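Residue-level structure breakdown
What follows is each chain in one-letter form.
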Amino acid sequence: QKEVEQNSGPLSVPEGAIASLNCTYSDRGSQSFFWYRQYSGKSPELIMFIYSNGDKEDGRFTAQLNKASQYVSLLIRDSQPSDSATYLCAVNPNNNDMRFGAGTRLTVKP
Amino acid sequence: DVKVTQSSRYLVKRTGEKVFLECVQDMDHENMFWYRQDPGLGLRLIYFSYDVKMKEKGDIPEGYSVSREKKERFSLILESASTNQTSMYLCASSLPFGTQETQYFGPGTRLLVL
């Protein structure tokens, strides 16, 4: 089992819709969770981080964490074509390292 | 703003060559990392360093070595490049991990080994 798993996609949503990206992790002791966006040919950039169970909102983005289910998600409301990218889920399991999922490719169609 | 720079955006090398990839960060970060990214495999950690002259193996250290002589600089060395080392190489830096910190990435080096 991979440490961090994501559906590779591609996930396609129409402009204005909600995009839902999911991630599961295997290390139950993980404390912090991150979502990165990576445009084609570019390096990852941080969108959000979350450490507590529940929801965390930042503009059009909402991160959701359920530690009991070892599940973290990212919702993008009012999706825009500029949101088309690969989204990487990352987990910090032990304070010295970061583990990344393979990423989900999102396409927002005008 | 955190700035992480990498010495080259694109490199073409021949099999057997020794290759140096350099990474510099300007935010006094303790931690520095080298990843490679391949389609379908995501980011895989090669080595990381949490202090000057300290290094730890990541998931795929074979065929690679690193050097950290100064806090701001972390070098990745391919001792004898092979075609299966063709990849995108990403450097990152961070403060010591707690619950607040994340990694900041450089622009990446796309390496082609012929």
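Glancing now at the pattern of salt bridges. Residues and elements named next belong to chain A. The tally for this structure, following the rule as stated, stands at 12 salt bridges over all chains. For Glu-57, the salt bridge identified is with Arg-77, shortest N-O distance 3.4 Å. Taken as a pair, Glu-57 in strand β6 (residues 54–58) and Arg-77 in the loop between β8 (71–76) and β9 (85–92) lie far apart in primary sequence, 20 residues in all. When its relative accessible area of 60% is taken as the criterion, Glu-57 is described as exposed.

The subject of this paragraph is the interface of chain A and chain B. Taken residue by residue, the interface counts 19 residues in chain A and 24 residues in chain B. Of the roughly 1700 Å² buried between chain A and chain B on both sides combined, carbon and sulfur atoms contribute 52%. For the interface between chain A and chain B, the tally reads one salt bridge. With its nearest N and O atoms 2.3 Å apart, the salt bridge here joins Arg-99 of chain A to Asp-59 of chain B. Scanning the region where chain A abuts chain B turns up five residue pairs in polar contact (both at pLDDT 80 or more). Going through the elements one at a time, β4 (32–38), β9 and β10 (99–100) of chain A are the ones with two or more residues in the side of chain A that touches chain B. Here the side of chain A that touches chain B takes four residues from β4 of chain A, the largest share from any one element. When its residues are assigned to classes, the side of chain A that touches chain B shows nine nonpolar, eight polar and two charged.

Enumeration over the complete set of coordinates arrives at 11 aromatic pairs over all chains. Ring geometry for Tyr-25 of chain A versus Phe-33 of chain A: centroids 4.8 Å apart, planes at 45 degrees, classification tilted. With relative accessibility at 3%, the residue Tyr-25 of chain A sits in the buried group. Three or more aromatic residues joined by ring pairs form one cluster here, namely Tyr-36 and Phe-100 of chain A together with Phe-33, Tyr-35, Phe-48 and Phe-105 of chain B. The cationic tip of Arg-60 of chain A hangs over the ring face of Phe-61 of chain A; the distance from NZ or CZ to the ring centre is 5.5 Å.

The rules we used
Sequence order sets the numbering: in each chain, residues are counted from 1 along the sequence as written. Going through the entries in the order they are written, you letter the chains from A and number the ligands from 1. At least 70 in pLDDT is required for a residue's local features to be given in this predicted model, at least 80 for side-chain atom pairs to be given and counted, and no such filter applies to totals for whole chains, interfaces and linings, which use all residues. As a rule here, side-chain values cover all heavy atoms of the structure and leave hydrogens and water aside. One side-chain nitrogen of Lys or Arg within 4 Å of one carboxyl oxygen of Asp or Glu is enough to make a salt bridge. Think of it this way: any DSSP run of H or I at least four residues long counts as a helix, any run of E at least two long counts as a strand, and we number them from the N terminus. With a 1.4 Å probe rolled over the protein chains alone, any residue whose accessible area is under 20% of its type maximum counts as buried; one over 50% counts as exposed, and the rest are partly exposed. We call two residues contacting when some pair of their heavy atoms lies within 4.5 Å. A simple way to read buried area is as the amount of 1.4 Å-probe accessible surface that goes missing from two parts once joined, with both sides added. In protein, a polar contact requires one atom able to donate a hydrogen and another able to accept it; more generally it is a pair of N or O atoms within 3.5 Å, and residues adjacent in sequence count only if both atoms are side-chain atoms. Ten residues, namely Ala, Val, Leu, Ile, Met, Phe, Trp, Tyr, Cys and Pro, are considered nonpolar, four, namely Asp, Glu, Lys and Arg, are considered charged, and the remaining ones, Gly among them, are considered polar. Planes of paired rings set the category: under 30 degrees apart is stacked, over 60 is edge-to-face and the rest tilted, where pairs are Phe, Tyr or Trp rings (Trp by its six-membered ring) whose centres lie within 6.5 Å. Sitting over a ring, as applied to charges here, requires NZ of Lys or CZ of Arg to be within 6 Å of the ring centre and within 35 degrees of the ring normal.

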